[in-house]
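Summary of the model geometry
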Amino acid sequence: MPEIVQLLASAVHRYEGRPSDGPAPAPPGELTTTVQVRAGLGIVGDRYYAHPAHRDAAITVMAAESLPAGADLRQARRNVLLSGVAVDDLVGSILTLDSGGGPVRLRIRRRANPCAWMDVAIGPGAFRALRGKGGVRCTPLNDGILRVGPVTVDIEPG
């Protein structure tokens, strides 16, 4: 059964400057068990919430199976870590997740390509290993709540 493994809502950009400088410290509470999603705006409290340049990519979803062992969303900088769904193959689709708080519909716009920071944050070779498996960028189509745990998944053609 599909599951939301982790949720991340971070108010800060941790990967700024050069990867060799290392990431900024993580604020407490980045990983959370519940997030509030707002249609067209993203995740309340996240660094990209209501940011005009990111409205079509306000929420990022990554397949847990793609993340190297020992890594989590704090390194990958995605919002939703989802197991049991090959999200990288769903560009153009509408992904509906219901973790008990009602369905949250996400239009999958494009891939979320990894960057050179992955070799610093996760480990050498992670950048190359995540090519084509870095997750997807989505636009939320309705308001809702996502929670860590089992999730009902529906996929509609875009």
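Check the entry above for the structure.
Rules used throughout
Residues numbered from 1 in each chain as written. Predicted model: local features only at pLDDT ≥ 70, side-chain atom pairs only at ≥ 80, totals over all residues. Heavy atoms only, no water. Helix = DSSP H or I, 4+ residues; strand = E, 2+ residues; numbered from the N terminus. Buried < 20%, exposed > 50% of the residue type's maximum accessible area, 1.4 Å probe, protein only. Polar contact = N/O pair within 3.5 Å; in protein donor to acceptor, adjacent residues only side chain to side chain. Pairing = 2+ DSSP bridges. Core = buried A, V, L, I, M, F, W, Y, C linked by side-chain atoms within 4.5 Å. Contact = heavy atoms within 4.5 Å.

**A closer look at the side chain of serine 99**
- Counting through the fold element by element, serine 99 comes out in the loop between strand 7 (94-98) and strand 8 (104-111).
- Overall, serine 99 belongs to the buried group, its relative accessible area being 13%.
- One polar contact links the side chain of serine 99 to the main-chain amide nitrogen of arginine 147, over a distance of 2.8 Å.

**A short note on the pairing of strand 8**
- By the bridge criterion, four bridges tie strand 7 to strand 8 in an arrangement that is antiparallel. Each bridged residue has a counterpart across the sheet, and for leucine 95 the counterpart in strand 8 is leucine 106.
- The hairpin turn running from strand 7 into strand 8, its antiparallel successor, is five residues long, and glycine 100 in that turn takes a positive phi close to 115°.
- Of the strand pairs in this sheet, strand 8 and strand 9 (residues 136-140) are connected by five bridges, and their pairing is antiparallel. Paired with arginine 110 across the bridge in strand 9 is arginine 137.

**Observations regarding the sheet that holds strand 10 (residues 144-147)**
- Taken in spatial order, the three strands of this open sheet run 4-3-10, and their pairing is antiparallel. Strand pairing shows two members of the sheet lacking a second neighbour, strand 4 (42-43) and strand 10, which therefore form its edges.
- Of the pairings in the sheet, the one linking strand 3 (residues 34-38) to strand 4 comprises two bridges and is antiparallel in character. Its bridge partner being in strand 4, arginine 38 is matched across the sheet by glycine 42.

**Regarding the nonpolar core**
- Counting residues in hydrophobic clusters, the biggest one holds 23 residues, and the most contacted among them are Val61, Leu82, Val87 and Leu146.
- Elements with a minimum of two residues in this core: strand 1 (3-8), strand 3, strand 5 (59-63), strand 6 (80-83), strand 7, strand 8 and strand 9.
- Setting aside anything within four residues of it in sequence, one finds valine 61 in contact with Val80, Leu82, Val87, Leu106, Gly135, Val136 and Cys138.
- Membership of the second largest hydrophobic core comes to eight residues, among which are Leu67, Ala71, Leu73 and Ala76.

**Points about the environment of valine 44**
- In this structure, valine 44 sits in the loop between strand 4 and strand 5.
- Judged by relative accessible area, which is 35%, valine 44 ranks as partly exposed.
- For valine 44 and alanine 11, which are 33 residues apart along the polypeptide, the C-alpha to C-alpha distance reads 9.3 Å.
- Look past the residues within four positions of valine 44 in its chain and what remains in contact with it is Ala9, Gln36, Arg38 and Tyr49.

**Points about the environment of glycine 149**
- Inspection of the secondary structure assignment puts glycine 149 in strand 11 (residues 149-150).
- For glycine 149, a relative accessible area of 7% corresponds to the buried category.
- C-alpha of glycine 149 to C-alpha of glycine 100: the two residues are 49 residues apart in sequence and 9.3 Å apart in space.
- Not counting the four nearest positions on each side in its chain, glycine 149 is found in contact with Glu3 and Ile4.

**Describing unusual backbone geometry**
- Not every positive phi belongs to a glycine, and alanine 50 is a case in point at roughly 60°.
- Relative to the helices and strands, alanine 50 resides in the loop between strand 4 and strand 5.
- Overall, alanine 50 belongs to the partly exposed group, its relative accessible area being 27%.
- The backbone phi angle of arginine 77 is positive, close to 60°, even though this residue is not glycine.
- On the secondary structure map, arginine 77 appears in the loop between helix 1 (73-76) and strand 6.

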